[in-house]
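What follows is each chain in one-letter form.
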Amino acid sequence: MVKNRVSMEGSLAVAEAAKLARTDVVAAYPITPQTHIVERLAQLVADGELDANYIPVESEHSAMSACLGSSAVGARTFTATAGQGLELMHEVLFVASSSRLPIVMVVANRALSGPLSVWGDHSDVMAARDCGWIQIFAENVQQAFDLVICAFRIGEDPTVLFPVMVNIDGFHLSHVIEPLYLLCQEEVDKFLPPYKYPYALNPDKPVSIGAFGMPNIYTEAKKSQDMALRASKNVILKTWQEFGKLSGRNYLPVETYKVEDAEVLLLTMGSFSETAMIAIDALRERGEKVGLIRLRLWRPFPLEEFQKAVAKAKLIIVLDRALSFGRPTGPVCSEVQAALYPLKTKPEIVSFVGGLGGRDISAATFENIIRNGMEKAKSGRFDELEMIEVRQ
Amino acid sequence: MKDTTIEIRWHGRGGQGAVTSAELIAMAAIAEGEYAQAFPSFGPERRGAPVLAFNRIDNANPIRARSSVINPDIVAVLDPGLLYITDVVSGLKQNGTLIVNSPKSLVDIKSEFGGPWKLAVVNATAIARELLGVNIVNTTMLGAVVKATGIIKMESLVEPIEERFGARAKRNIDACAKAYKEAEIAEPVAVRARQKREFQVEKWPAWQELLPGCVVIEAGSASQYRTGDWKSQHPESDYSKCIKCGLCYIYCPEGCIVPKLGEEGFFEADMYYCKGCGICAQECPKDVITMVEES
């Protein structure tokens, strides 16, 4: 048996990561499918295994508001939510990012009402896409654990100071039990130094956070925020490199699978990516030059890495797990289009939407998506967004 | 397309009704069949703080511009104190018109603020105090603006004023008419260059200079804020009547009344911060303090 190899549910792995990070404050409101994360943290605090304040708030809006306060006094702050809960936080998300408070939040991605759905898709995070947080996607329980630990170090870096959202697919990751390599406390302590917020609220050294901005300062404030978020990519890269040295597990903003010589790329995000790999393997065995590309880092958008990764492909097939109602493509696909538009030579793009509200996508369906996408490209049908496996 | 738009910039203080002046002008012009717009400089409303309002009037074409007026044809100044803290003639066109509320004579104002523009002076504060009982000069100033520019007809203002002021309309119309009668006008001084004046220029940081989250690390930085620029009156004290009770010091909402330097037990207001609210004068049991108009 390998040292530190355990079986653990995704939610508990996330809670374990927050515990190993020595989180000071957890303010959260339980919501399916995030519930196990915060239940576990509440238990750890109650049992004295985690020396933290657990604030049982009355709503997600209050959860994020409490996180603002605790992060601003310099406490390492963690929360988790899902679906409607993320949307109820919405206005406060912007305050957290513009105030540059490095809160770490796990979102157990869930569809938005209605019809009311507790099951997974990416509607929640896509609706919060422009809230100014660093946004990262995990594909399995191990990554969920690793990326939460990295999230604290990234967000708290004095040159970054941004809140970080780690997305794990609701149920598919939050409720799955998988093998997990844990890190020990000493390793995490070495990797993650204590949080020291340079502008912490302190009666002995007063500061004002969240001041009013007239038209003659607001634009500069936004430029400063945007430039800092873009620049955070360097720290993200460095942090993941160092984490790779510690754990042997390496993360990149844009990750690829069998893309050498690939003419057709499927683009996915989150836990369905591993299922998609099975389809890639099957098609490769049949001689198709196909590969998989995954956006691990969603914000800041890894523009250079993405452009480089797809430069040689002829076709990109994008699978969105959310709709942008009334738009020509899904939210990820429109970003892909925008990222590639300035290039002189670029792959063509086909857009699919699927996996909504907890509907599975099997490896066989991924094969169909790829074949269908290639067919559409051949016949020049690039202008339509297609929803997969929809009854008609 | 020939530019047929006449632009007006109103300088006033929060509470003096510059926005109402602009609105009434626009309503009158629209009633005359012209194209017109009125809008304020949007911002937090603070009584006494310098504010701007704008008009555009066009007898030929619909108005499309929605940005602030930078190069006005007409500038109207509702508060004499603003002349010394704001560059009211900034961007004023050659042969434009400057209309000023001041107790000073046309000759005196001309020597200070004359230039290649028509100049009109009226003591609107005195008229408003006499006919309306308050220092709100918006309707009064309209009379001077109409006389100096002819931008609209006086009778076109009657209906908008009645609509806006109801029972108080008659007095406001009278004040407007009195200002029309009393305003004194001087033609542009063609050869005279604009006088150089130094105004406090606000300096704003570049984006690179901002701290993360725009955090303010300097405690008490609000003390740099010159709220003294908001006043249209200031307190003057006759210390021979003062009993050193300190009630002015206690009641001052700005906390700007401080012990008078070198004179044990007396108090005085710090003009850097005094907003001219008059509470000290109201509360003084011995009538030591009188509020005097800024001029």
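Residues numbered from 1 in each chain as written. Chains lettered and ligands numbered in written order. Predicted model: local features only at pLDDT ≥ 70, side-chain atom pairs only at ≥ 80, totals over all residues. Heavy atoms only, no water.

**A closer look at the domain arrangement of chain A**
Frequently, the measure chosen for interface size is the accessible area that the parts lose on association. All names here are of chain A. To keep things clear, this is the line we draw: Delimitation of the domains relies on an automatic or database domain assignment. Residue contacts are defined here by distance: any two heavy atoms, one from each residue, within 4.5 Å place the two residues in contact. Defined in terms of a 1.4 Å probe, buried area is the accessible area two parts forfeit on being brought together, summed over both. Salt bridges are defined as contacts in which a side-chain nitrogen from Lys or Arg sits within 4 Å of a carboxyl oxygen from Asp or Glu.
Taken domain by domain, chain A holds domain 1 (4-247) and domain 2 (254-387). Put simply, the middle of domain 1 and the middle of domain 2, counted by C-alpha atoms, are 28 Å apart. Of the residues lining the interface, 30 residues belong to domain 1; the matching set on domain 2 comes to 26 residues. Buried area between domain 1 and domain 2, summed over both chains or domains, comes out near 2,300 Å², and the portion from carbon and sulfur atoms is 55%. Among the residues domain 1 hides against domain 2, the three largest losses belong to Arg 129, Glu 139 and Lys 233. Together they make up 29% of the total. On inspection of domain 1 and its partner domain 2, the count reaches 7 salt bridges. For Glu 139, the salt bridge identified is with Arg 294, shortest N-O distance 2.8 Å.

**Considering the pattern of salt bridges**
The following threshold applies: Each helix is a run of DSSP H or I of at least 4 residues and each strand a run of E of at least 2, with the numbering of both proceeding from the N terminus. Burial classes follow relative accessibility: with a 1.4 Å probe on protein chains only, a residue under 20% of its type's maximum area counts as buried, one over 50% as exposed, and anything between as partly exposed.
If you walk through the whole model with that rule in mind, you get 39 salt bridges over all chains. Note that A:Asp130 is salt-bridged to A:Arg129, the shortest N-O span being 3.1 Å. Its salt-bridge partner being B:Glu254, residue B:Lys275 comes within 3.0 Å of it at the nearest N-O pair. With B:Lys275 in the loop between β10 (267-269) and α8 (279-283) and B:Glu254 in the loop between α7 (247-251) and β9 (257-259), the pair connects residues that are 21 residues apart, well separated along the chain. In this structure B:Lys275 comes out as partly exposed when scored by relative accessible area, which is 31%. Within the structure, one salt-bridge network assembled from shared partners comprises A:Arg129, A:Asp130, A:Arg299 and A:Glu335.

**Focus on the pairing of strand β6 (residues 134-137) of chain A**
All names here are of chain A. What counts, and what does not: Here a strand pair is declared whenever DSSP counts at least two bridges between the two strands. Looking down the strands as they point away from you, a crossover is right-handed if its path from the first strand over the helix to the second goes clockwise.
Of the two faces of β6, both are covered, the one formed by Ile 134 and Ile 136 as well as the one formed by Gln 135 and Phe 137. Direction of pairing for β6 relative to strand β7 (residues 164-169): parallel, over a ladder of 4 bridges. When the bridges of β7 are listed, Ile 134 appears paired with Val 164. Taken together, β6, helix α7 (residues 141-156) and β7 constitute a β-α-β crossover, and its handedness is right-handed. In terms of strand pairing, β6 meets strand β12 (residues 297-299) through 2 bridges, oriented antiparallel. Bridging across to β12, Gln 135 finds its partner in Arg 299.

**Comments concerning the packing of helix α1 (residues 10-20) of chain A against helix α2 (residues 35-46) of chain A**
All names here are of chain A. This is how the line gets drawn: With axes taken as lines fitted to C-alpha atoms, and helix axes fitted only over the stretch in contact, angles between N-to-C directions fall between 0 and 180 degrees. Just so you know how the angles are binned, under 35 degrees is roughly parallel, over 145 roughly antiparallel, 65 to 115 roughly perpendicular, and the rest oblique. In this scheme the handedness of a crossing depends on how the near helix is turned from the far one: anticlockwise by less than a right angle means left-handed, clockwise means right-handed.
Running from amino to carboxyl end, α1 crosses α2 at an angle of 45°, the nearest separation of the two axes being 8 Å. Judged on the interaxial angle alone, α2 and α1 are oblique. The handedness of the crossing between α1 and α2 is right-handed. Within the contact between the two elements, α1 uses Ser 11, Leu 12, Val 14, Ala 15, Ala 18 and Lys 19 and α2 uses His 36, Ile 37, Arg 40, Leu 41 and Leu 44.

**Examining the state of the cysteines**
All names here are of chain B. Short version of the rule: To count as a disulfide, a pair of cysteine sulfur atoms needs to be within 2.5 Å.
Counted according to the given criterion, the structure contains 0 disulfides over all chains. Cys 248 carries a free sulfur, and the closest cysteine sulfur to it, the one in Cys 245, is 6.4 Å from it. Counting only cysteine sulfurs, Cys 252 is the nearest neighbor of Cys 256, a cysteine outside any disulfide, at a range of 3.8 Å. Taking relative accessible area as the criterion, Cys 256 reaches 4% and is therefore assigned buried.

**Quick notes on the packing of helix α5 (residues 158-165) of chain B against helix α6 (residues 169-182) of chain B**
When two helices pack together, their arrangement is given by the angle between the helix axes and by the axis-to-axis distance. Residues and elements named next belong to chain B. Definition in use: Here the term charged refers only to Asp, Glu, Lys and Arg, the term nonpolar to Ala, Val, Leu, Ile, Met, Phe, Trp, Tyr, Cys and Pro, and the term polar to all other amino acids, Gly among them.
In the contact formed by α5 and α6, the axes pass within 8 Å of each other and the chain directions differ by 140°. Classed by the angle they form, the pair α5 and α6 counts as oblique. Crossing angle aside, the handedness with which α5 passes α6 is right-handed. From α5, Val 158, Ile 161, Glu 162 and Phe 165 reach across to α6, where they touch Ala 169, Asn 172 and Ile 173. Each residue belonging to the contact of α5 with α6 can be placed in one class, and the counts come to 5 nonpolar, 1 polar and 1 charged.

**Side note on the interface of chain B and chain A**
Taken residue by residue, the interface counts 14 residues in chain B and 19 residues in chain A. Both faces considered, chain B and chain A share a buried interface measuring about 1,500 Å² in area, 73% of it formed by carbon and sulfur atoms. Area buried by chain B at its contact with chain A is led by B:Trp204, B:Trp207 and B:Pro212, which between them contribute 39% of it. Linking chain B with chain A are 0 salt bridges, by the criterion used here.

**Things to note about the sheet that holds strand β9 (residues 254-257) of chain A**
What links the strands of a sheet is backbone hydrogen bonding, and the strands pair in either a parallel or an antiparallel sense. All names here are of chain A. Pairing within the open sheet is mixed, and its 6 strands lie in the order β9-β11-β10-β13-β14-β15. At either end of the open sheet lies a strand with only one pairing partner, and these are β9 and β15 (385-387). Across this sheet, the average inter-strand angle for adjacent strands is 25°, counted without regard to direction. Where strand β10 (residues 264-268) meets strand β13 (residues 315-320), 4 bridges bridge the pair, whose relative direction is parallel. Within the sheet, the bridge partner assigned to Val 264 lies in β13 and is Leu 315. Lying over the sheet, helix α12 (residues 331-340) contacts β10, β11 (290-295), β13 and β14 (348-353), oriented at roughly 150° with respect to β13.

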